[in-house]
Each structure stands twice: as C-alpha cells, then as structure tokens.
Amino acid sequence: MRLPGLIDPHVHMREPGATYKEDWASGTAAAVAGGFTQILAMPNTEPPVVDGASLAHTVSLAEAKAHCDFAQFLGATAENVHQTADCADQSAGLKLYLDQTYGPLRLESLDLWKAHFLAWPKDRPLVAHAEGRSMAAAILMAALTDRPLHLAHVATREEILLVRAAKEKGLKVTCEVTPHHLFLTSADLPGGRGEVRPRLGSDEDVRALWENLAVIDCFATDHAPHTAAEKDCPDPPPGFPGLETALPLFLTAVSEGRLTLEDVVLRMSDNVRKIFKIPTQPDTWIEVDLDAKREITAEGLYSKAGWTPFEGWQTRGCVQQVVLRGETVFQHGKVLAQPGFGNRIR
Ligand code: DOR
Ligand code: ZN
C-alpha cells in the first residue's frame, strides 16, 4: 500500500552539543526508517538555536548529514524578541517553552510571552510547549494577539478538552499528540525510562485523547533521544526515542480498527503540511506492508538512543520502502540515502 511521505513536526536532533545521543545522520536515518521524508527539528540543542548565527550553523551541520528533508525551529528567549522575525523565512517556526523541559530554553514572564506572540509573523508557525494551566494561558494569549498557535504534545484529558473548547469557540489553535501519550500510561514505565515531558498520563487521560481524535490535528513523535545508560541513572533526562516506532504503532491501531488509514495520513502528512506550510516533495512516497507482523526491539534501530519504551510490543504493519524525490532511500530494512541527500525545506 502506497502512502505519502510522512512529516514529523517535532523531533529533537542532538547536534550540536550531544552527538553521542543523536546526530543529524543517525536521527534522520531513524526518520527515513520510520517512513518520514520531512522532519522539523527543535531548538533545545547545546548551544540552543536562538538567532541567525546559531540557525545557520545548525542548518549547515544538517545539510552535510541529513538523509531526509528538514527545517529547524528557533527557540524564544528573553533576549531575542526583536531578532527572531528576521529569520522567520529560514526556520521551521518559533518554539516557546512555557514549562519545564530538557535544556535551557524557558520563558517565565507573561510579558515575554506576549512580546513573542506579537513579534513573530502571524503567517509563520508558532509552537508552544504549554501544559495544563500554561496551555490555558497560551490559548488566551493567542486569542488576545489574534494569531494562530500550535500546541505541542497534548497529553491529558483536561488539555484535550481545553483545545476542543478553544476550537469550538473558533480560536486559531491546532495541536499534536505523541504516540507515547496515546499508547502508554505512567503505570507502563516506572522509573527513569518513563521520564518524559509532558509526563505519561492515566488511563483516563489516554481514553480522553482517543475519544477526541477529531480534535487532534497531527501525530508528532517528540523523538527525544537519551541513551539507555542516562535513562537508568538516578537523575534521568526526560524523553523517548520515537521516530522508528510511530508508524508501526499507528498501523497496528489501524489493524485493530481503532483508526483508519485516512486518520493516519491526515495526521502524519496532510495536516502537518498545512499547519507548518511545508512544500510538497515531488516523486516521494512510502510503501507499507499492512500485514507484516513484527516485534519492536531496540536492536537494529538507527537512533543512537539504543532503547525504546515499546520494547517487546507486537505490531502489525511496517515500512517496506521509502522513495524521496525519485530515489529509493530505504528498502529491506536498510537506509540507502547518503548523508547530505536531505534538503533544507527553508
Ligand atoms: O521529554 C522531553 N524531552 N520533553 C521535552 O520537552 C524535551 C525533550 C528533550 O529534548 O529531551
Ligand atoms: Zn519536544
């Protein structure tokens, strides 16, 4: 079965700064192996991507190594309110960290939030990591400044109901949900391996996300690789690898009748393209085998993380082939594209 190339709007590469966790080559190889032909990378690298110089540096690293097409987000800081707009056309969008996360980017004051909401061009993607009450405040700020806002990784019942209410009011909000918040609860992964932001929810949270599928615009992996050794330390960093397991999990849900293929294509391609204004890729598609039975295991994954929160899960449906701009870049379980084959999207 042929599907369009998938787009992941929320991926953490670790280059520059922590290439032992992931670099542009390993991360985009994982993307291609997962059926993604375009990815949008988050700015919480070391150093973070916050201005024209850091954006140009990161993009040059990506251009040398990427196996799939990509764009890079800028991160909002207390200092860069009046500079980000200059780079709007070269970036995936502006990311606002309004709650605790991995890395130094965090915007505390409402004044700063508002300044960024006003300064960032209305026709360029603005994405917020905003949980619970912060999400309510971010939606209000979007309404007050009359601009679109995309909410990253909606994870709880109260959050998805909030997004639903905002949409019913006609506010210009869109949202994404991760596979881990749809398929796991906090009871599934105790200890360091289960650390992730937003935290895994309860059965009730997971049920509410599935019941409100119509409110979910995109599925985004929030691929956030940390090594198994780091996850097993006393102070584990939050985050899960997810690029290579997302589509098999969603195709399994299709085989169980919990989703349709159209649901998947809408949320992993069409809607993402629209919301993030991503150009189409000519001669690009993926071939999936809807019947293939596999077991998820960290062995053989391209990500350097070296573990997966879905270890041992039985799946139905896998990626057989990925064709990007006319070239077969993945087949028989192997990434065939050369590093640098990936183009910048903007
Ligand atoms: O769990 C997370 N990990 N949540 C985030 O917001 C950041 C991410 C990371 O970069 O590791
Ligand atoms: Zn993230």
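Position numbers for residues count from 1 along each chain, tracking the sequence in the order it is written. Labels follow written order: the first chain is A, the first ligand is 1, and so on. Given that the model is predicted, a residue must reach a pLDDT of at least 70 before its local features are reported, and side-chain atom pairs must reach 80 or more before they are shown or counted; all residues, however, enter totals for whole chains, interfaces and linings. Where side-chain values are given, they derive from all heavy atoms of the structure, hydrogens and water being excluded.

1. Focus on the overall build of the protein chain
Looking only at helices and strands, the protein chain features 10 helices and 14 strands. In terms of overall dimensions, the protein chain is globule-like: its C-alpha atoms have a radius of gyration of 18 Å, near the 20 Å expected for 346 residues. C-alpha atoms of the protein chain, sized along the principal axes, occupy 50 × 45 × 45 Å. Counting the 346 residues in the protein chain, one finds 62% classified as buried. Excluding contacts between residues fewer than 6 apart, the proportion of contacts in the protein chain whose partners are at least 24 apart in sequence is 75%. When the accessible surface of the protein chain is summed, it comes to about 13,400 Å², and 51% of that surface belongs to carbon and sulfur atoms. Just so you know, the count uses Lys and Arg for positive and Asp and Glu for negative, and it drops His and the chain ends. In plain terms, the charge of a residue is placed at NZ if it is Lys, CZ if Arg, CG if Asp and CD if Glu. For the protein chain, the separation between the mean place of its 34 positive charges and that of its 45 negative charges on side chains is 3 Å. In this description a helix means any DSSP run of H or I spanning at least four residues, a strand means any run of E spanning at least two, and both kinds are numbered starting from the N terminus. Every radius of gyration here is taken over C-alpha atoms, with the globule rule written as 2.2 Å times N^0.38, N being the number of residues. Using a 1.4 Å probe on the protein chains alone, a residue whose accessible area is under 20% of its type maximum counts as buried, one over 50% counts as exposed, and one in between counts as partly exposed. Any pair of residues with heavy atoms lying within 4.5 Å of one another is described as a contacting pair. Surface exposure here means Shrake-Rupley accessible area, sampled with a 1.4 Å probe, where a residue is shielded only by the protein chains that are shown.

2. Concerning the coordination of the zinc ion (ligand 2)
Note that water is not among the atoms used; donors are N, O and S atoms within 2.8 Å of the metal (3.2 Å for Na, K and Ca), so sites may look incomplete. On the protein side, the zinc ion (ligand 2) has H10 (NE2), H12 (NE2) and D222 (OD) as donor atoms, found 2.0 to 2.2 Å from it. Expressed as a motif, the donor residue spacing for the zinc ion (ligand 2) is H-x1-H-x209-D. Within this pair, whereas H12 is found in the loop between β2 (6–11) and α1 (24–33), its partner D222 is found in the loop between β10 (218–219) and α8 (228–231), the two being separated by 210 residues in sequence. The pair formed by H12 and D222 is uniform in burial state, with each residue classed as buried.

3. Details of the environment of R273
Mapped onto the elements, R273 comes out in helix α10 (residues 261–275). Beyond its immediate chain neighbours, meaning those up to four positions away, R273 contacts I7, Q38, I278, P279, T280 and Q281.

4. Structural notes on the environment of A229
You can see A229 is positioned in helix α8. Sequence-wise, A229 and A208 are 21 residues apart; in three dimensions their C-alpha atoms are separated by 33 Å.

5. Details of the site of ligand 1
The immediate surroundings of ligand 1 are formed by H12, R14, N44, T101, Y102, H129, V196, R197, A224, H226, P238 and G239. Note that an oxygen atom of ligand 1 is positioned 3.2 Å from one of the side-chain N or O atoms of H12. The contact in question runs from an oxygen atom of ligand 1 to an N or O atom on the side chain of N44, over 2.8 Å. Protein chains bury 99% of the 280 Å² of accessible surface belonging to ligand 1 in isolation. Under the scheme applied here, ten amino acids are nonpolar (Ala, Val, Leu, Ile, Met, Phe, Trp, Tyr, Cys and Pro), four are charged (Asp, Glu, Lys and Arg), and all others, including Gly, are polar. Among the residues forming the shell around ligand 1, the class breakdown is 4 nonpolar, 6 polar and 2 charged. We call a residue near a molecule or strand whenever a single non-hydrogen atom of that residue lies within 4 Å of it. Each polar contact in these results corresponds to two N or O atoms within 3.5 Å; when the atoms are within protein, one needs to be able to donate a hydrogen and the other to accept it, and residues that are neighboring in sequence are counted only if both atoms are side-chain atoms.

6. Considering the pairing of β2
Each regular strand displays side chains that alternate between the two surfaces of the sheet. The buried fraction of β2 is high, at 6 of 6 residues. With the strands aimed away from the viewer, a crossover counts as right-handed if its path from the first strand over the helix to the second runs clockwise. In this view, the connection linking β2 to its parallel neighbour strand β3 (residues 36–41) by way of α1 has right-handed handedness.

7. Describing α10
Expected span, for any helix, means 1.5 Å times one less than how many residues it has. Look at α10: 20 Å from first C-alpha to last across 15 residues, which is about the 21 Å you get at 1.5 Å a residue. By the largest-angle criterion, R267 marks the main kink of α10, which is about 40°. Along α10, 11 of the 15 residues are buried, which leaves the element largely enclosed by surrounding structure. Among the residues of α10, those classed as buried are L261, D263, V264, V265, R267, M268, S269, N271, V272, R273 and I275. Bend is computed residue by residue as the angle between axes fitted to the seven residues ending at the residue and the seven residues starting at it.

8. Quick word on helix α5 (residues 157–168)
Spanning 12 residues, α5 covers 16 Å between terminal C-alpha atoms, matching the ideal 16 Å at 1.5 Å per step. Within the span of α5, buried status applies to E159, I160, V163 and A166. Buried residues in α5, looked at end-on, bunch into an arc of 120°, giving them a common side. For α5, exposure combined with an orientation more than 90 degrees from the buried face picks out E158 and E168. Directions are taken from the helix axis to each C-beta atom, and the arc is the one they span.

9. Digging into the packing of aromatic side chains
Ring pairs shown here join Phe, Tyr and Trp side chains whose ring centres sit within 6.5 Å, with only the six-membered ring taken for Trp; geometry is labelled stacked below 30 degrees between planes, edge-to-face above 60, and tilted in between. Evaluated as defined, the whole model comprises 7 aromatic pairs. Aromatic pair W24 and F70: ring centres 5.4 Å apart, planes at 55°, arrangement tilted. Placement of W24 in helix α1 and of F70 in strand β4 (residues 69–72) is noted, with a sequence separation of 46 residues between them. F70 carries the same exposure label as W24, and that label is buried. An angle of 90° between the planes, with centres 6.3 Å apart, marks the rings of F73 and F276 as edge-to-face. Separated by 203 residues along the polypeptide, F73 in the loop between β4 and β5 (74–75) and F276 in the loop between α10 and β11 (285–295) bring together distant segments of the chain. Per residue, the accessibility class of F73 equals that of F276, and both read buried.

10. Here's the deal with the side chain of S303
Looking at the secondary structure, you find S303 in the loop between β11 and β12 (314–324). Other than its neighbours up to four places away in sequence, S303 contacts E22, S26, A30, H223, P225, P241 and E244.

11. Some remarks on the sheet that holds β3
Pairing between strands requires that DSSP locate at least two bridges from one strand to the other. Here we have 3 strands laid out as an open sheet, ordered β2-β3-β4, and parallel in their pairing. Among the strands making up the open sheet, the edge pair consists of β2 and β4. On average, each strand axis in the sheet is tilted by 15° relative to the strand beside it, whichever way the strands run. α1 contacts β3 and β4 of the sheet and is inclined by roughly 135° relative to β3. Axis definition: a line fitted to C-alpha atoms, over the contacting stretch in the case of helices. Angles run 0 to 180 degrees between N-to-C directions.

12. Topic: the environment of A337
You can see A337 is positioned in the segment after β14 (334–335). Residue classification places A337 among the buried positions, given a relative accessible area of 9%. Beyond its immediate sequence surroundings of up to four residues, A337 is in contact with H67 and V329.

These figures capture arrangement, not role.
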